[in-house]
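Letter by letter, the chains look like this.
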Amino acid sequence: MNELIQRFSLFRPFFRDRFFFFAMVLFMLVSGACSDSDAGGTSQYDENKPIVVTTFRPLEGGIREKVLLDGENFGSDPSKIKVFFNQKEAPVISSNGNRIYTMVPRLPGDVCTVTVQVGEQKATYDQTFAYHSKAYVSTITGNGSKIFKAGTLAEAQVYARYIAVDAEGNIFASHRDEGTNAVVRINELENIVTPLILGNASDRILVPNAPAVDLETGVITVPDDGTRELYFTFDPKEGWAPRQHSISNSSGIFGQIDNSGQKYKYAMTYCPYDGFVYTRYRDGNIVKFNTQTNEAYIVYKTNLGPCYGMAFDPTHPNLLYMSFHTSVTEYGNNLCLLDVSDPSAADAFKVISSGLSGAGHKDGPVKTAQFNDPRQICFDQDGNLFIADYGNHCIRRLSPDGIVETVVGQPGVSGWADGDKVDALFLNPWGLAVAPDGTVYISDYGNARIRKLTIE
């Protein structure tokens, strides 16, 4: 480009009008770009000939990076062309037959194979694309104090274990320590932290654990920690007024659930596959129930011990993922899944991470990955599973292609600091939720703060 401008500048004395000079430069640049991109182009896709891929550029970049894919027999109709970075489909902006203009999608994976599909034909480039994500952590509210206080984001104090976020950007936090039991709504645009239900620990109105959000209705469902049947709902149509409910024992499920020290239900999650809400008791029983009738059924029995995270994969809505506490025999410190479409099948329940004894930190393929007391988990809309790795003081991510990586935080290093992937620090992050736009919200339990992770 500079060379072209320099050559054209030789003729500048002939143009007294500066505007005309730059207009001519722009015309030549556009004409040159068009002729370059159109050279040798074939406008029609021929299904009787193979599509051929040769090279692309650039070979690395981040979200929305412009990428030019070269080859043959692509056709010129973008609506008939698909481009994939790993399993993630990228938008096709244009094609002239032998060059496709596309843009990198969000979070396709660190190392991407690039595939072009036209009709029934597919072709994959020999080159790979290196994806560079950008992550930044900021603090929304909380100042380190563990005593609850409502108010503006700057004034409020929140010591939350679990959180959830709805489609409108409302954050719901379960505060249940330092003498206060509360479900709290946090809204950045409204600059407010306000309790939806609030009581002293001695009152025991509700001891809230991990909330579940129905993204279609906006209803929040919160399990009570110490009563087998009790849960609460908060409906936005009712101004999130608390409503108390009881899981029905008509099917006799409570005859099979230990009512002593193993009755605790730590999490609830909505299932898009069958419309039930799922929970798990500390004795290992996984239960589903209908929120309209409260009819409940035991789905599967796992080993004894806490399971702090439960989430359904939106891309495979029959798969229930769970994170297990270090104390759980056989699969402590691991991620597991249950296929609720046929829970009686021999392979319905699987340990998907390392299965190695003891806690640790290891990124890479999920089969060999290690965690240290993983807590709340949540999927984004693309099937990435985010994990609050409590013992490692960091946030991890399991991609749809089975790769675990540390997104932010320094493994084994505790502290409090906002910033990028290198600088941000956490202290025992417990709660985690992902908004529909991909923003990750974190309850940084040890620091008594609610944090926000923005990833590109």
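Sequence order as written defines residue numbering, which begins from 1 separately in each chain. For a predicted model such as this one, the threshold for reporting local features is a pLDDT of at least 70, and the threshold for listing and counting side-chain atom pairs is 80 or more; totals across whole chains, interfaces and linings nevertheless cover every residue. With hydrogens and water set aside, each side-chain value is computed from the structure's full complement of heavy atoms.

Quick look at the side chain of Asn318
Runs of H or I in DSSP of at least four residues are treated as helices and runs of E of at least two as strands, each being numbered from the N terminus. Summarising the element assignment, Asn318 is placed in strand 24 (residues 316–324). Think of it in three bands: with a 1.4 Å probe and only protein chains considered, a residue is buried below 20% of the maximum accessible area for its type, exposed above 50%, and partly exposed in between. A relative accessible area of 18% means that Asn318 is categorised as buried. Pairs of N or O atoms within 3.5 Å make up the polar contacts considered here, provided that, within protein, one atom can donate a hydrogen while the other can accept it, and that residues adjacent in sequence are counted only when both atoms are side-chain atoms. Among the polar contacts listed, one links the side chain of Asn318 to the side chain of Asp339, at a separation of 2.8 Å. Throughout, a residue-residue contact means that at least one pair of heavy atoms, one from each residue, lies within 4.5 Å. The contact partners of Asn318, leaving out residues within four places of it in the chain, are Tyr273, Phe312, Leu338, Asp339, Val340 and Ser341.

Section: the nonpolar core
Membership of the largest hydrophobic core comes to 38 residues, with the highest contact counts inside it found for Leu69, Val83, Phe85, Val116, Phe129 and Leu453. Buried residues of nine kinds, namely Ala, Val, Leu, Ile, Met, Phe, Trp, Tyr and Cys, make up a nonpolar core once their side-chain atoms join them within 4.5 Å. Judged by nonpolar contacts, the second largest core, of 28 residues, contains Ile286, Leu338, Tyr445 and Ala448.

Some remarks on the side chain of Thr269
For Thr269, the location among the structural elements is in strand 19 (residues 265–270). Those residues within four positions of Thr269 in sequence are excluded, and the remaining contacts are Ala212, Phe276, Val277, Tyr278, Met310, Ala311, Phe312 and Leu320.

Let's talk about the sheet that holds strand 20 (residues 277–281)
What makes two strands pair is DSSP finding at least two bridges between them. An order of 19-20-21-22 is seen for the 4 strands of this open sheet, with the pairing classed as antiparallel. One side of each edge strand has no neighbouring strand; the edge strands of this open sheet are strand 19 and strand 22 (296–301). Here the average twist between neighbouring strands, direction ignored, is 25°. In this structure, strand 19 lies alongside strand 20, joined through 4 bridges in antiparallel fashion. Pairing of Thr269 across the sheet is with Tyr278, part of strand 20. Fitted lines through C-alpha atoms serve as axes, helices being fitted only where they are in contact, and the angles separating the N-to-C directions of these axes extend from 0 to 180 degrees.

Things to note about the sheet that holds strand 35 (residues 449–455)
Strand order in the open sheet made by the 5 strands is 32-10-35-34-33, with antiparallel pairing throughout. Since the sheet does not close on itself, it has two edges, and those belong to strand 32 (419–420) and strand 33 (429–434), each with one partner.

Looking at the packing of aromatic side chains
Each Phe, Tyr or Trp ring, with Trp reduced to its six-membered ring, pairs with another whose centre is within 6.5 Å; inter-plane angles below 30 degrees give stacked pairs, above 60 give edge-to-face pairs, and intermediate values give tilted ones. Taken as a whole and assessed by the stated rule, the structure comprises 17 aromatic pairs. Between the aromatic rings of Phe324 and Tyr331, the centroid separation amounts to 4.9 Å while the plane-to-plane angle is 70°, which identifies the pairing as edge-to-face. Judged by its relative accessible area of 0%, Phe324 falls in the buried class. Exposure remark for Tyr331: the relative accessible area of 5% places this residue in the buried category. Ring centres of Tyr390 and Trp430 lie 5.6 Å apart, and the angle between their planes is 85°; this geometry places the pair in the edge-to-face category. Separated by 40 residues along the polypeptide, Tyr390 in the loop between strand 29 (385–389) and strand 30 (394–398) and Trp430 in strand 33 bring together distant segments of the chain. We classify Tyr390 as buried; its relative accessible area is 16%. We classify Trp430 as buried; its relative accessible area is 5%. Members of the aromatic cluster, each reached through a chain of ring pairs, are Tyr159, Tyr162, Tyr264, Tyr266, Tyr308, Tyr390, Trp430 and Tyr445. The lysine or arginine in question, Lys288, covers the ring of Phe276, its NZ or CZ lying 4.5 Å from the ring centre. Whether a charge sits over a ring depends on NZ of Lys or CZ of Arg being within 6 Å of the ring centre and within 35 degrees of the ring normal. When the ring centre of Trp430 is taken as origin, the NZ or CZ atom of Arg375, which lies over that ring, is 4.2 Å away.

A few points about the pattern of salt bridges
A side-chain nitrogen of Lys or Arg and a carboxyl oxygen of Asp or Glu constitute a salt bridge if their distance falls within 4 Å. Tallied over the entire structure, the rule returns 17 salt bridges. Ionic pairing is found between Arg396 and Asp363, a salt bridge with its closest N-O pair at 2.9 Å. With Arg396 in strand 30 and Asp363 in the loop between strand 26 (349–351) and strand 27 (364–365), this residue pair connects regions lying 33 residues apart in the sequence. For Arg396, a relative accessible area of 0% gives the class buried. Here the salt bridges do not stand alone but share partners, grouping Arg57, Asp70 and Arg99 into one network.

Here's the deal with unusual backbone geometry
Following Arg57, the chain continues into Pro58 via a peptide bond in cis, with omega recorded as -5°. Position of Pro58 relative to the elements: it lies in the loop between strand 1 (52–57) and strand 2 (60–61). With a phi angle near 55°, Asn86 is a residue other than glycine that sits in the positive phi range. On the secondary structure map, Asn86 appears in the loop between strand 4 (81–85) and strand 5 (88–90). Residue classification places Asn86 among the buried positions, given a relative accessible area of 16%.

Regarding the confidence of the model for the protein chain
Confidence along the protein chain averages 90 in pLDDT terms, with 90% of residues attaining 70 or more. Per-residue confidence from the predictor is reported as pLDDT, which spans 0 to 100. Taken as a whole, residues 1–41 scores under 50 in pLDDT and shows 22 contacts with residues more than four places along the chain or in a different chain.

Observations regarding the pairing of strand 23 (residues 307–313)
Within strand 23, 7 of the 7 residues are buried, leaving the element largely enclosed by the surrounding structure. The pairing of strand 23 with strand 24 spans 6 bridges and is classified as antiparallel. Each residue of the ladder has a partner; that of Ala311, found in strand 24, is Tyr321. Counted along the chain from strand 23 to the antiparallel partner strand 24, the turn is 2 residues long.

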